[in-house]
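# Architecture and fold: a report
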Amino acid sequence: MFIIKNPELIRKKILSLKLKGNKIGLVPTMGCLHEGHLSLIAKASKECDVVVVSIFVNPAQFSPKEDFNRYPRDIKRDISLLKRTKADFVFVPDVSDIYGADHSVYVTEDRLSLILCGHFRPGHFRGVLTVVAKLFNILLPDRAYFGQKDLQQAYLIIKMAKELNYPVKVIVCPIIREKDRLAMSSRNIYLSKEEREKSLAISRSIDAIMDSARKGSKDIRKLKEQGLKILRKSALRIEYLEVVELPDFCFKKNIQAGRAYAVLCAAYAGKTRLIDNGVFRG
Ligand code: AMP
(Lines give C-alpha, C1' and ligand atoms only; values in the text may rest on other atoms or scores of the structure.)
Protein backbone atom coordinates (compact mmCIF):
# COMPACT_ATOMS: atom_id res chain seq x y z
CA MET A 1 0.00 0.00 0.00
CA PHE A 2 1.47 3.36 -1.07
CA ILE A 3 0.84 6.44 1.05
CA ILE A 4 1.18 9.57 -1.05
CA LYS A 5 0.68 13.23 -0.19
CA ASN A 6 1.64 14.90 -3.46
CA PRO A 7 -1.20 15.27 -6.03
CA GLU A 8 1.09 15.26 -9.10
CA LEU A 9 2.98 12.18 -7.95
CA ILE A 10 -0.13 10.08 -7.26
CA ARG A 11 -1.72 11.24 -10.52
CA LYS A 12 1.31 10.02 -12.50
CA LYS A 13 1.30 6.63 -10.77
CA ILE A 14 -2.44 6.16 -11.28
CA LEU A 15 -2.33 7.31 -14.89
CA SER A 16 0.33 4.74 -15.74
CA LEU A 17 -1.76 1.97 -14.12
CA LYS A 18 -4.84 3.19 -15.96
CA LEU A 19 -3.04 3.18 -19.31
CA LYS A 20 -2.15 -0.48 -18.68
CA GLY A 21 -5.89 -1.18 -18.54
CA ASN A 22 -6.47 -1.20 -14.76
CA LYS A 23 -9.86 -0.02 -13.47
CA ILE A 24 -9.39 2.58 -10.73
CA GLY A 25 -11.81 2.71 -7.77
CA LEU A 26 -11.84 5.75 -5.48
CA VAL A 27 -13.15 5.95 -1.92
CA PRO A 28 -13.04 9.57 -0.67
CA THR A 29 -13.08 9.98 3.12
CA MET A 30 -12.29 12.48 5.84
CA GLY A 31 -10.56 9.78 7.87
CA CYS A 32 -11.26 8.53 11.39
CA LEU A 33 -12.30 5.39 9.59
CA HIS A 34 -15.04 3.01 10.71
CA GLU A 35 -16.93 0.01 9.32
CA GLY A 36 -18.94 2.30 7.00
CA HIS A 37 -15.78 3.44 5.22
CA LEU A 38 -14.41 -0.11 5.17
CA SER A 39 -17.59 -1.36 3.44
CA LEU A 40 -16.99 1.11 0.59
CA ILE A 41 -13.38 -0.09 0.27
CA ALA A 42 -14.51 -3.73 0.23
CA LYS A 43 -16.99 -3.00 -2.57
CA ALA A 44 -14.39 -1.02 -4.54
CA SER A 45 -11.89 -3.87 -4.27
CA LYS A 46 -14.47 -6.34 -5.62
CA GLU A 47 -15.21 -4.19 -8.65
CA CYS A 48 -11.85 -2.50 -9.47
CA ASP A 49 -8.21 -3.47 -10.09
CA VAL A 50 -6.72 -0.61 -8.10
CA VAL A 51 -8.30 0.91 -4.98
CA VAL A 52 -7.44 4.47 -3.94
CA VAL A 53 -8.60 5.82 -0.57
CA SER A 54 -8.30 9.54 0.06
CA ILE A 55 -8.16 11.01 3.56
CA PHE A 56 -8.68 14.74 3.60
CA VAL A 57 -10.63 16.87 6.07
CA ASN A 58 -11.85 19.46 3.59
CA PRO A 59 -11.94 22.96 5.10
CA ALA A 60 -14.08 24.26 2.22
CA GLN A 61 -17.12 22.26 3.38
CA PHE A 62 -17.08 23.60 6.96
CA SER A 63 -18.45 27.04 7.80
CA PRO A 64 -16.42 29.19 10.23
CA LYS A 65 -18.86 28.20 13.01
CA GLU A 66 -18.50 24.45 12.39
CA ASP A 67 -16.14 21.80 13.72
CA PHE A 68 -13.25 21.80 11.17
CA ASN A 69 -10.57 22.17 13.86
CA ARG A 70 -12.36 19.83 16.22
CA TYR A 71 -13.12 17.18 13.54
CA PRO A 72 -11.61 13.85 14.72
CA ARG A 73 -8.30 12.94 13.07
CA ASP A 74 -6.26 9.80 13.71
CA ILE A 75 -4.10 9.14 10.68
CA LYS A 76 -1.94 6.49 12.42
CA ARG A 77 -4.96 4.39 13.30
CA ASP A 78 -6.45 4.95 9.81
CA ILE A 79 -3.28 3.73 8.09
CA SER A 80 -3.07 0.64 10.27
CA LEU A 81 -6.74 -0.14 9.53
CA LEU A 82 -6.17 0.41 5.80
CA LYS A 83 -3.20 -1.99 5.79
CA ARG A 84 -5.71 -4.72 6.61
CA THR A 85 -7.88 -3.84 3.57
CA LYS A 86 -7.30 -4.17 -0.15
CA ALA A 87 -6.49 -0.46 -0.55
CA ASP A 88 -3.52 0.04 -2.92
CA PHE A 89 -3.03 3.79 -2.50
CA VAL A 90 -3.84 6.22 0.29
CA PHE A 91 -3.89 9.86 -0.76
CA VAL A 92 -3.26 12.11 2.24
CA PRO A 93 -2.73 15.66 0.99
CA ASP A 94 -2.29 18.66 3.25
CA VAL A 95 -4.72 21.55 2.91
CA SER A 96 -2.02 23.50 1.01
CA ASP A 97 -1.65 20.64 -1.53
CA ILE A 98 -5.33 21.04 -2.43
CA TYR A 99 -6.01 24.75 -1.95
CA GLY A 100 -3.34 27.24 -2.94
CA ALA A 101 -3.33 30.56 -1.11
CA ASP A 102 -5.04 32.25 -4.10
CA HIS A 103 -7.63 29.51 -4.71
CA SER A 104 -10.88 31.01 -6.00
CA VAL A 105 -12.54 28.48 -8.34
CA TYR A 106 -15.43 26.42 -6.96
CA VAL A 107 -18.09 24.00 -8.21
CA THR A 108 -21.62 25.10 -7.33
CA GLU A 109 -25.04 23.56 -7.88
CA ASP A 110 -28.12 25.72 -7.82
CA ARG A 111 -31.06 23.60 -6.68
CA LEU A 112 -30.54 20.38 -4.74
CA SER A 113 -27.59 21.92 -2.86
CA LEU A 114 -29.84 24.60 -1.35
CA ILE A 115 -32.38 22.43 0.50
CA LEU A 116 -32.18 20.16 3.59
CA CYS A 117 -28.50 20.04 4.72
CA GLY A 118 -27.65 22.74 2.17
CA HIS A 119 -30.22 25.07 3.72
CA PHE A 120 -28.80 24.64 7.22
CA ARG A 121 -25.14 24.56 6.10
CA PRO A 122 -24.82 27.28 3.45
CA GLY A 123 -21.79 26.70 1.23
CA HIS A 124 -21.33 23.13 2.50
CA PHE A 125 -22.09 21.40 -0.80
CA ARG A 126 -20.03 23.93 -2.75
CA GLY A 127 -17.07 22.74 -0.67
CA VAL A 128 -17.99 19.07 -1.14
CA LEU A 129 -18.47 19.31 -4.92
CA THR A 130 -15.26 21.30 -5.33
CA VAL A 131 -13.13 18.80 -3.43
CA VAL A 132 -14.74 15.79 -5.13
CA ALA A 133 -14.15 17.39 -8.56
CA LYS A 134 -10.51 17.90 -7.58
CA LEU A 135 -10.20 14.29 -6.36
CA PHE A 136 -11.69 13.06 -9.65
CA ASN A 137 -9.16 15.17 -11.60
CA ILE A 138 -6.19 14.09 -9.48
CA LEU A 139 -7.03 10.41 -9.00
CA LEU A 140 -8.74 9.64 -12.35
CA PRO A 141 -11.19 7.02 -11.02
CA ASP A 142 -13.37 4.85 -13.26
CA ARG A 143 -15.65 4.27 -10.28
CA ALA A 144 -16.15 6.29 -7.10
CA TYR A 145 -17.83 4.93 -3.97
CA PHE A 146 -20.00 7.00 -1.64
CA GLY A 147 -22.27 6.09 1.27
CA GLN A 148 -26.04 6.41 1.34
CA LYS A 149 -25.41 7.80 4.84
CA ASP A 150 -24.87 11.16 3.09
CA LEU A 151 -27.75 10.70 0.65
CA GLN A 152 -28.08 14.30 -0.52
CA GLN A 153 -24.30 14.47 -1.05
CA ALA A 154 -24.35 11.23 -3.07
CA TYR A 155 -27.15 12.51 -5.34
CA LEU A 156 -25.30 15.81 -5.84
CA ILE A 157 -22.13 13.96 -6.83
CA ILE A 158 -24.07 11.78 -9.28
CA LYS A 159 -25.52 14.98 -10.74
CA MET A 160 -22.11 16.69 -10.92
CA ALA A 161 -20.49 13.68 -12.62
CA LYS A 162 -23.29 13.60 -15.19
CA GLU A 163 -23.64 17.33 -15.81
CA LEU A 164 -19.89 18.08 -15.88
CA ASN A 165 -19.22 14.98 -18.04
CA TYR A 166 -16.87 13.18 -15.66
CA PRO A 167 -16.22 9.66 -17.04
CA VAL A 168 -16.81 8.26 -13.53
CA LYS A 169 -19.47 5.81 -12.39
CA VAL A 170 -20.72 6.89 -8.97
CA ILE A 171 -21.76 3.99 -6.73
CA VAL A 172 -23.89 4.50 -3.62
CA CYS A 173 -23.37 1.91 -0.86
CA PRO A 174 -25.77 1.02 2.01
CA ILE A 175 -25.61 2.62 5.46
CA ILE A 176 -23.62 0.58 7.98
CA ARG A 177 -25.17 0.75 11.46
CA GLU A 178 -24.23 -0.14 15.01
CA LYS A 179 -26.16 -3.04 16.60
CA ASP A 180 -28.67 -0.57 18.07
CA ARG A 181 -29.17 0.96 14.56
CA LEU A 182 -27.25 4.20 15.15
CA ALA A 183 -25.72 5.04 11.75
CA MET A 184 -21.92 4.81 12.00
CA SER A 185 -20.20 8.17 11.77
CA SER A 186 -16.76 9.58 12.64
CA ARG A 187 -18.63 12.14 14.75
CA ASN A 188 -20.19 9.47 17.01
CA ILE A 189 -17.03 9.54 19.17
CA TYR A 190 -18.10 13.00 20.36
CA LEU A 191 -21.27 11.59 21.94
CA SER A 192 -21.55 11.16 25.69
CA LYS A 193 -23.30 8.00 26.89
CA GLU A 194 -26.49 9.98 27.43
CA GLU A 195 -26.34 11.74 24.06
CA ARG A 196 -25.71 8.46 22.28
CA GLU A 197 -28.81 6.98 23.93
CA LYS A 198 -30.91 9.99 22.87
CA SER A 199 -29.58 9.85 19.33
CA LEU A 200 -31.20 6.45 18.75
CA ALA A 201 -34.47 8.38 18.29
CA ILE A 202 -33.22 9.41 14.84
CA SER A 203 -33.13 5.91 13.34
CA ARG A 204 -36.26 5.01 15.33
CA SER A 205 -38.25 7.86 13.80
CA ILE A 206 -37.01 7.06 10.28
CA ASP A 207 -37.84 3.37 10.74
CA ALA A 208 -41.31 4.23 12.08
CA ILE A 209 -42.09 6.41 9.06
CA MET A 210 -40.90 3.78 6.60
CA ASP A 211 -42.84 1.09 8.43
CA SER A 212 -46.09 3.09 8.25
CA ALA A 213 -45.50 3.93 4.59
CA ARG A 214 -44.93 0.26 3.80
CA LYS A 215 -48.17 -0.58 5.60
CA GLY A 216 -50.02 1.82 3.31
CA SER A 217 -49.96 5.31 4.94
CA LYS A 218 -49.93 7.80 2.10
CA ASP A 219 -50.20 11.22 3.77
CA ILE A 220 -46.66 12.65 4.05
CA ARG A 221 -47.67 15.31 6.61
CA LYS A 222 -49.03 12.57 8.92
CA LEU A 223 -45.97 10.38 8.35
CA LYS A 224 -43.68 13.27 9.29
CA GLU A 225 -45.77 14.03 12.39
CA GLN A 226 -45.37 10.43 13.51
CA GLY A 227 -41.58 10.67 13.19
CA LEU A 228 -41.41 14.09 14.86
CA LYS A 229 -43.32 12.73 17.87
CA ILE A 230 -40.53 10.20 18.47
CA LEU A 231 -37.80 12.80 17.94
CA ARG A 232 -39.43 15.37 20.24
CA LYS A 233 -39.54 12.87 23.13
CA SER A 234 -35.76 12.43 22.83
CA ALA A 235 -34.92 16.09 23.53
CA LEU A 236 -32.56 16.17 20.53
CA ARG A 237 -32.43 19.55 18.77
CA ILE A 238 -34.17 18.73 15.49
CA GLU A 239 -32.90 20.50 12.39
CA TYR A 240 -35.16 18.77 9.89
CA LEU A 241 -37.14 15.61 9.28
CA GLU A 242 -38.48 15.39 5.74
CA VAL A 243 -39.92 12.86 3.32
CA VAL A 244 -38.99 13.61 -0.30
CA GLU A 245 -39.58 11.96 -3.63
CA LEU A 246 -36.45 10.68 -5.39
CA PRO A 247 -34.48 11.26 -7.53
CA ASP A 248 -35.19 15.01 -7.42
CA PHE A 249 -35.82 15.44 -3.66
CA CYS A 250 -39.29 16.92 -4.39
CA PHE A 251 -41.60 17.79 -1.48
CA LYS A 252 -44.95 16.06 -2.15
CA LYS A 253 -48.23 15.68 -0.25
CA ASN A 254 -48.75 11.97 -0.82
CA ILE A 255 -46.82 8.77 -1.39
CA GLN A 256 -47.54 7.38 -4.85
CA ALA A 257 -47.32 3.69 -5.68
CA GLY A 258 -44.15 2.65 -7.49
CA ARG A 259 -42.19 5.86 -6.82
CA ALA A 260 -39.03 6.06 -4.66
CA TYR A 261 -38.88 8.18 -1.49
CA ALA A 262 -36.35 9.12 1.16
CA VAL A 263 -36.86 10.02 4.81
CA LEU A 264 -34.02 12.33 5.85
CA CYS A 265 -33.21 13.67 9.28
CA ALA A 266 -30.62 15.99 10.81
CA ALA A 267 -30.51 16.66 14.56
CA TYR A 268 -28.07 17.75 17.22
CA ALA A 269 -27.20 15.64 20.26
CA GLY A 270 -25.50 18.30 22.37
CA LYS A 271 -23.00 19.95 20.02
CA THR A 272 -22.84 17.00 17.65
CA ARG A 273 -24.78 17.17 14.40
CA LEU A 274 -26.06 13.78 13.27
CA ILE A 275 -27.71 12.82 9.99
CA ASP A 276 -29.45 9.67 8.87
CA ASN A 277 -31.94 8.53 6.24
CA GLY A 278 -33.88 5.65 4.80
CA VAL A 279 -35.09 4.97 1.28
CA PHE A 280 -38.32 3.18 0.38
CA ARG A 281 -40.71 2.59 -2.48
CA GLY A 282 -44.34 3.73 -2.41
P1 AMP B 1 -16.77 10.87 5.71
O2 AMP B 1 -15.42 10.41 6.10
O3 AMP B 1 -17.73 10.98 6.86
O4 AMP B 1 -16.75 12.08 4.82
O5 AMP B 1 -17.38 9.72 4.81
C6 AMP B 1 -16.69 9.23 3.68
C7 AMP B 1 -17.63 8.33 2.91
O8 AMP B 1 -18.07 7.27 3.74
C9 AMP B 1 -18.88 9.08 2.42
O10 AMP B 1 -19.22 8.64 1.12
C11 AMP B 1 -19.92 8.65 3.44
O12 AMP B 1 -21.24 8.67 2.94
C13 AMP B 1 -19.48 7.22 3.72
N14 AMP B 1 -20.01 6.78 5.01
C15 AMP B 1 -19.94 7.46 6.20
N16 AMP B 1 -20.61 6.79 7.16
C17 AMP B 1 -21.10 5.67 6.57
C18 AMP B 1 -21.89 4.57 7.04
N19 AMP B 1 -22.31 4.49 8.30
N20 AMP B 1 -22.23 3.61 6.16
C21 AMP B 1 -21.81 3.67 4.87
N22 AMP B 1 -21.08 4.68 4.36
C23 AMP B 1 -20.72 5.67 5.21
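Nothing here was measured: the structure is a model prediction, and the numbers come from that model.

### Digging into the sheet that holds strand β7 (residues 237–245)
In space, the three strands of this open sheet follow the order β7-β8-β9, with antiparallel pairing throughout. Here the strands that pair on one side only, and so sit at the sheet edges, are β7 and β9 (272–281). Adjacent strand axes in the sheet meet at a mean angle of 10 degrees when their direction is disregarded. For β7 and strand β8 (residues 260–269), the ladder comprises eight bridges, and the chain directions are antiparallel. Bridge pairing in β8 links Glu245 to Tyr261. Lying on the sheet, helix α8 (residues 193–214) is in contact with β7, β8 and β9; it crosses β9 at an angle near 15 degrees.

### Examining the site of the ligand
Around the ligand, a shell composed of 16 residues is seen, among which His37, Gly147, Asp150, Ile176 and Met184 lie nearest. One of the backbone N or O atoms of Gly147 is found 2.9 Å from an oxygen atom in the ligand. Between a nitrogen atom of the ligand and a main-chain N or O atom of Ile176, the distance comes to 2.8 Å. Within the complex, the protein chains bury 92% of what would otherwise be the 480 Å² of accessible surface of the ligand. Put simply, the parts of the chain that give the shell around the ligand at least two residues each are β2 (24–29), α2 (35–47) and β5 (143–147). For the shell around the ligand, a count of residues per class yields nine nonpolar, five polar and two charged.

Definitions and cut-offs
- Residues numbered from 1 in each chain as written.
- Predicted model: local features only at pLDDT ≥ 70, side-chain atom pairs only at ≥ 80, totals over all residues.
- Heavy atoms only, no water.
- Pairing = 2+ DSSP bridges.
- Helix = DSSP H or I, 4+ residues; strand = E, 2+ residues; numbered from the N terminus.
- Axes fitted to C-alpha atoms, helices over the stretch in contact; angles between N-to-C directions.
- Contact = heavy atoms within 4.5 Å.
- Near = heavy atom within 4 Å.
- Polar contact = N/O pair within 3.5 Å; in protein donor to acceptor, adjacent residues only side chain to side chain.
- Areas by Shrake-Rupley, 256 points an atom, 1.4 Å probe, with all protein chains shown as cover.
- Nonpolar A, V, L, I, M, F, W, Y, C, P; charged D, E, K, R; others polar.

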